[in-house]
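Overview (structure and organization)
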Amino acid sequence: MLPLVCTAQAYPDHPIKLVVPYAPGGSADIAARLISDEWAKLLGQPLIIENRSGAGGNIGVDVVAKSKADGYTIGVQTVSLAINPALYAKMPYDTLKDLTAVGTVATSQHALVVNNDLPAKSVPEVISAAKANPGGLIYGSAGSGSTFHMAAELFKAVSKTDITHIPYRGGGPAMLDTIGGHVNMSFPVLSAALPQVQGGKLRILGVTGPKRSPLMPDVPTIAEAGLPGYSFETWFMVIAPAGTPKPMIDKLNATLNQALNLPALKERMVKEAYDPAPSSPAQAQSLLVNDMAKWSKLIAASGIKVD
């Protein structure tokens, strides 16, 4: 027993890999990079971010699920962790059997952004254009099953429109093609959209959450802007392989929460449109289980399929 105790007390004694299952520049990548420096200081070891994108985040999450449960490979995933099991006929891992929650990082809302050349300049005008030409408007997402995808599909379901989906390998590439006019619109997390909107490269028509963002108080919610009943937010969660020793999970969680409660980090996160959301491992696991059930019902009712 003594060697196990000593190992737990010494953890971590070398760098930890933090897998982000999307390309650089996406919402999960931004969240990971926001927290990594302060979290690493509290852990006493570097956090090495590794981007492994594809399949709506499943490729990167699978890397975590199949890694050794020794506390040295963990990941950051969005609410897609709860969504994907209902979207994909075949998953490379079992979410509840192969993974365990370390804790939540933050919540964030998305934004409806359009290319500057799109004639539609409001939510009702986008809906009208989509209804006038079914399938003619195109939106880019961070990949099938990503939060971009689900925010857009919910928009389509509530507005009863047909808008064509083009999945990318991450939010960054999707936004670049929206800026370039290869797709008409996108639903990125607000934190990723802000620099492009403020730089005049994209036009924002609304935010997806239940309330306006303090960073852009003049921008209405999509519900306010003309689509009552629409609301979508995402969360970000740190995960580890199932079977990771509890002392290691507890150490990761305690230091993560310490970092999230640092005033300077909280301020940086809020400026990037993230709301810090520290939790216990049990609270995070419960959120995951409950959201899996919720999204399973919603996806089955709406008929949304992975492209």
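Residues numbered from 1 in each chain as written. Predicted model: local features only at pLDDT ≥ 70, side-chain atom pairs only at ≥ 80, totals over all residues. Heavy atoms only, no water.

1. Considerations on the pattern of salt bridges
Definition in use: By definition here, a salt bridge exists when the distance from a side-chain nitrogen of Lys or Arg to a carboxyl oxygen of Asp or Glu is within 4 Å. Here a strand is any run of E in DSSP of at least two residues, a helix any run of H or I of at least four, and the numbering for each starts at the N terminus. The buried label applies to any residue whose accessible area, calculated with a 1.4 Å probe on protein chains only, is under 20% of its type's maximum; exposed applies above 50%, and partly exposed to all values in between.
Within this structure, the stated rule accounts for 11 salt bridges. A salt bridge links arginine 33 to aspartate 29, with the nearest nitrogen and oxygen atoms 2.9 Å apart. Of this pair, arginine 33 and aspartate 29 are both found in helix H2 (residues 27-43), four residues apart, which corresponds to roughly one turn of the helix. Accessibility expressed as a relative area gives 42% for arginine 33, which makes it partly exposed.

2. Considering the packing of aromatic side chains
Convention followed: Pairs were defined over the aromatic rings of Phe, Tyr and Trp, the Trp ring being its six-membered one, requiring ring centres within 6.5 Å. Orientation was assigned from the angle between planes: stacked under 30 degrees, edge-to-face over 60, tilted for the rest.
A complete count under the given rule lists five aromatic pairs for this structure. Between phenylalanine 155 and phenylalanine 187 the ring centres are 5.5 Å apart and the planes differ by 55°, which places this aromatic pair in the tilted class. Taken together, the residues phenylalanine 155 in helix H7 (residues 147-159) and phenylalanine 187 in the loop between strand E8 (185-186) and helix H9 (190-198) connect sequence positions 32 residues apart. A relative accessible area of 1% places phenylalanine 187 in the buried class. Centre to centre, the rings of phenylalanine 232 and tryptophan 295 are 5.9 Å apart; their planes meet at 65°, and the pair counts as edge-to-face.

3. What to know about the pairing of strand E10 (residues 233-241)
What counts here: For two strands to pair, DSSP has to find at least two bridges joining them.
Of all nine residues that make up E10, eight are buried, and the element is covered over most of its length. As paired elements, strand E3 (residues 73-78) and E10 share four bridges and run antiparallel to each other. Bridging across to E10, threonine 78 finds its partner in phenylalanine 236. Relative to E10, strand E4 (residues 99-109) is paired through nine bridges, and the arrangement is antiparallel. Following the sheet pairing, serine 108 is matched in E10 by threonine 234.

4. Examining the packing of H2 against helix H11 (residues 246-260)
Any two packed helices are characterised by how steeply their axes cross, that is the angle between the axes, and by the distance between the axes. Put simply, the rule is: For every element, the axis is a line fit to its C-alpha atoms; helices are fit only across the contacting stretch, and the angle between N-to-C directions ranges from 0 to 180 degrees. Orientation labels follow simple angle bins: below 35 degrees gives roughly parallel, above 145 gives roughly antiparallel, 65 to 115 gives roughly perpendicular, and whatever is left gives oblique. Each helix crossing is assigned a hand: it is left-handed if the near helix lies turned anticlockwise from the far helix by less than a right angle, otherwise right-handed if that turn is clockwise. Note on contacts: a residue pair is in contact if any heavy atoms of the two residues lie within 4.5 Å. Charged residues are taken to be Asp, Glu, Lys and Arg, nonpolar residues to be Ala, Val, Leu, Ile, Met, Phe, Trp, Tyr, Cys and Pro, and polar residues to be all remaining types, Gly included.
Between H2 and H11, whose axes approach to 9 Å, the crossing angle comes to 125°. Here H2 is positioned oblique relative to H11, judged by the angle of their axes. In terms of crossing hand, the pair formed by H2 and H11 is right-handed. Residues Ile35, Glu38, Trp39, Leu42 and Leu43 of H2 touch H11, and the partners they reach there are Lys251, Leu252, Thr255, Leu256, Gln258, Ala259 and Leu260. Split by residue class, the contact of H2 with H11 holds eight nonpolar, two polar and two charged.

5. A look at H2
Every α-helix carries 3.6 residues per turn, so stepping three or four residues along brings you back to the same face. Heads up, the rule is: Multiplying 1.5 Å by the helix residue count minus one yields the expected span of that helix. Given a residue, its bend is the angle between the two axes fitted to the seven residues that end at it and to the seven that start from it.
Helix length check: H2 (17 residues) gives 23 Å between terminal C-alpha atoms against 24 Å at 1.5 Å per residue, within 8%. Where H2 bends most, at serine 36, the angle is about 40°. Within H2, 13 of the 17 residues are buried, which leaves the element mostly enclosed by the surrounding structure. The positive-phi residue at the C-terminal boundary of H2 is glycine 44, with phi of around 85°.

6. Let's talk about H7
Taking 1.5 Å per residue, 13 residues should reach 18 Å; H7 reaches 18 Å between its end C-alpha atoms and fits that length. Among the 13 residues in H7, 10 count as buried, and that is most of the element. When H7 is considered as a whole, its buried residues turn out to be Thr147, Phe148, His149, Met150, Ala151, Ala152, Glu153, Phe155, Lys156 and Ser159. Phi for lysine 160, located one or two positions after H7, is positive at around 55°.

7. Points about the sheet that holds strand E9 (residues 202-207)
The sheet built from five strands is open, its strands ordered E7-E6-E8-E5-E9 with mixed pairing. In the strand order of this sheet, the two ends are held by strand E7 (164-167) and E9, each with one partner. Bridging between strand E5 (residues 111-115) and E8 involves two bridges; their strand directions are antiparallel. When the sheet's bridge partners are listed, valine 114 is paired in E8 with methionine 185. Against the sheet, H7 makes contact with E5, strand E6 (138-141), E7 and E8, and its axis sits at roughly 150° relative to E6, the strand it touches most.

8. Describing the nonpolar core
The nonpolar side chains of a soluble globular protein tend to be buried with one another. The condition that has to hold: Buried residues of nine kinds, namely Ala, Val, Leu, Ile, Met, Phe, Trp, Tyr and Cys, make up a nonpolar core once their side-chain atoms join them within 4.5 Å.
With 49 residues, the main nonpolar core has Trp39, Ile74, Val105, Ile204 and Met269 as its most contacted residues. No other element matches the nine residues that H2 contributes to this core. Setting aside its immediate chain neighbours within four residues, methionine 269 contacts Leu34, Ile35, Val105, Ala106, Leu260, Tyr274 and Pro276. Core analysis: the next-biggest nonpolar cluster, separate from the first, contains 47 residues, Ala82, Leu99, Leu118 and Leu227 among them.

9. Some words on the side chain of serine 186
How we decide: Here a polar contact means two N or O atoms within 3.5 Å. Within protein one must be a hydrogen donor candidate and the other an acceptor candidate, and residues neighboring in sequence count only if both atoms are side-chain atoms.
Here serine 186 lies in strand E8. On the accessibility criterion, serine 186 (0% relative accessible area) is buried. For serine 186, the side chain forms a polar contact with the main-chain oxygen of glycine 140, separated by 2.9 Å.

10. Overview of the confidence of the model for the protein chain
For the record, the criterion: The predictor attaches a confidence to each residue, called pLDDT, with possible values from 0 through 100.
Scored by pLDDT, the protein chain has a mean of 93; 97% of the residues are at 70 or more. Low pLDDT (under 50) marks residues 1-6, which in the prediction has zero contacts with non-local residues, meaning those over four places away or in another chain.

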